[in-house]
Amino acid sequence: QVHLVESGGGLVQAGGSLRLSCLRSEVIIGIFTMGWYRQVSGKQRELVATITSGGITNYADSVKGRFTISRDDGKRTVYLQMNSLEPEDTAIYYCNFELGGLNYWGKGTLVTVSS
């Protein structure tokens, strides 16, 4: 069982920045993907960004050029640097870990961007 703990959410004004962190409980050897998803009440959870164990990144079109995903394997942590935040980025952000078809989720961290 892999546990994920997100941190770094909060309230920020439009144009500001936040960095989210996701700590993974286990050291994993293998091919995996970690990522960030977000969800607004009443809407489906959507992909924000992912990074594979090989370092390949993928971003939603809405965040390209503003958000950067990275990871520190020594710290078992994946980060999401969010710049130029917009009110539309307001959501609960969830960390995801995928290995061999199994998905694990954190409990989420709330990001609120005021206009």
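This write-up is about the structure you can find in this document. What you see is a predicted model; the values in this text were computed from it and never measured.

Moving on, we come to the overall build of the chain. Along the backbone of the chain there are zero helices and eleven strands. Along the chain, from the amino end to the carboxyl end, the secondary structure elements read β-β-β-β-β-β-β-β-β-β-β. Taking 13 Å as the expected radius of gyration for a compact globule of 115 residues, we find that the chain reaches 13 Å, a close match to that expectation. Considered along the principal axes of its C-alpha atoms, the chain spans approximately 45 × 25 × 25 Å. Buried residues in the chain amount to 39% of all 115 residues. Of the roughly 6,300 Å² that the chain leaves accessible, carbon and sulfur atoms contribute 50%. Within the chain, the 10 negative side-chain charges are centred at a point lying 3 Å from the centre of the 11 positive side-chain charges.

The subject of this paragraph is the nonpolar core. Ranked by size, the top nonpolar core spans 29 residues in total, and within it Trp36, Leu80, Met82 and Tyr93 carry the most contacts. Each residue touching Tyr93, except ones within four places of it in the same chain, is listed here: Glu6, Leu20, Trp36, Tyr37, Arg38, Val48, Phe67, Leu80, Met82, Gly108, Thr109 and Val111.

Turning our attention to the packing of aromatic side chains. The full count for this structure, using the stated rule, is three aromatic pairs. Ring geometry for Tyr37 versus Trp105: centroids 5.1 Å apart, planes at 70°, classification edge-to-face. Separated by 68 residues along the polypeptide, Tyr37 in strand S4 (residues 32–39) and Trp105 in strand S10 (residues 102–105) bring together distant segments of the chain. Under the relative-accessibility criterion, Trp105 is labelled partly exposed at 37%. For the pair Phe97 and Tyr104, a centre-to-centre distance of 6.1 Å together with 40° between the ring planes defines the contact as tilted. Here Phe97 matches Tyr104 in class, with each residue buried. Grouped by ring-pair contacts, the aromatic residues Phe32, Phe97 and Tyr104 constitute a single cluster. Seen from the ring of Phe32, Arg24 lies directly overhead, with NZ or CZ sitting 5.2 Å from the centre.

In total, this model carries six salt bridges according to the counting rule given. For Arg38, the salt bridge is made with Glu46, and the minimal N-O distance between the two is 2.7 Å. The shortest N-O distance in the salt bridge between Asp89 and Arg66 comes to 2.8 Å. Residue Asp89 is found in the loop between strand S8 (77–82) and strand S9 (91–99), and its partner Arg66 is found in the loop between strand S6 (57–59) and strand S7 (67–72); the two are separated by 23 residues along the sequence. Assigned by exposure class, Asp89 and Arg66 land together as buried. Where salt bridges share partners, they join Arg38, Glu46, Arg66, Glu86 and Asp89 into one cluster.

As a further point, take the pairing of strand S5 (residues 46–52). Both S4 and S5 contribute to a ladder of six bridges, which runs antiparallel. By the bridge assignment for S5, Gly35 is matched with Thr50. Counted between consecutive antiparallel strands, the loop separating S4 from S5 contains six residues, among which Gly42 sits at a positive phi close to 85°. Where S5 folds back on S6, the antiparallel hairpin that results is connected by four residues, among which Gly55 adopts a positive phi of roughly 95°.

Criteria and thresholds
- Residue numbers here run from 1 along each chain, matching the order of that chain's written sequence.
- Local features are withheld for residues below a pLDDT of 70 in this predicted model, meaning they are given only at 70 or higher, and side-chain atom pairs are given and counted only at 80 or more; totals for whole chains, interfaces and linings count all residues.
- Remark: hydrogens and water are excluded; side-chain values derive from all non-hydrogen atoms of the structure.
- In this description a helix means any DSSP run of H or I spanning at least four residues, a strand means any run of E spanning at least two, and both kinds are numbered starting from the N terminus.
- Computation of the radius of gyration draws on C-alpha atoms, with the globule rule given as 2.2 Å multiplied by the number of residues to the power 0.38.
- Buried residues are those whose accessible area, probed at 1.4 Å on protein chains only, stays under 20% of the maximum for their type, while exposed residues exceed 50% and partly exposed ones sit between those limits.
- Using the Shrake-Rupley algorithm and a 1.4 Å probe, accessible areas are obtained, with residue cover drawn only from the displayed protein chains.
- Think of it this way: Lys and Arg go in the positive column, Asp and Glu in the negative one, and His and the chain ends go nowhere.
- Charge coordinates come from a single atom per side chain, which is NZ of Lys, CZ of Arg, CG of Asp or CD of Glu.
- Here, nonpolar core refers to any group of buried Ala, Val, Leu, Ile, Met, Phe, Trp, Tyr and Cys residues whose side-chain atoms link them within 4.5 Å.
- Contacts are assigned to residue pairs with any non-hydrogen atoms lying within 4.5 Å of each other.
- Centres within 6.5 Å are what make two rings of Phe, Tyr or Trp a pair, Trp counting through its six-membered ring; a difference in plane orientation under 30 degrees is then read as stacked, over 60 as edge-to-face, and the rest as tilted.
- Whether a charge sits over a ring comes down to the Lys NZ or Arg CZ being within 6 Å of the ring centre and within 35 degrees of the ring normal.
- Salt bridges are counted wherever a side-chain nitrogen of Lys or Arg sits within 4 Å of a carboxyl oxygen of Asp or Glu.
- Pairing between two strands requires that DSSP report at least two bridges joining them.

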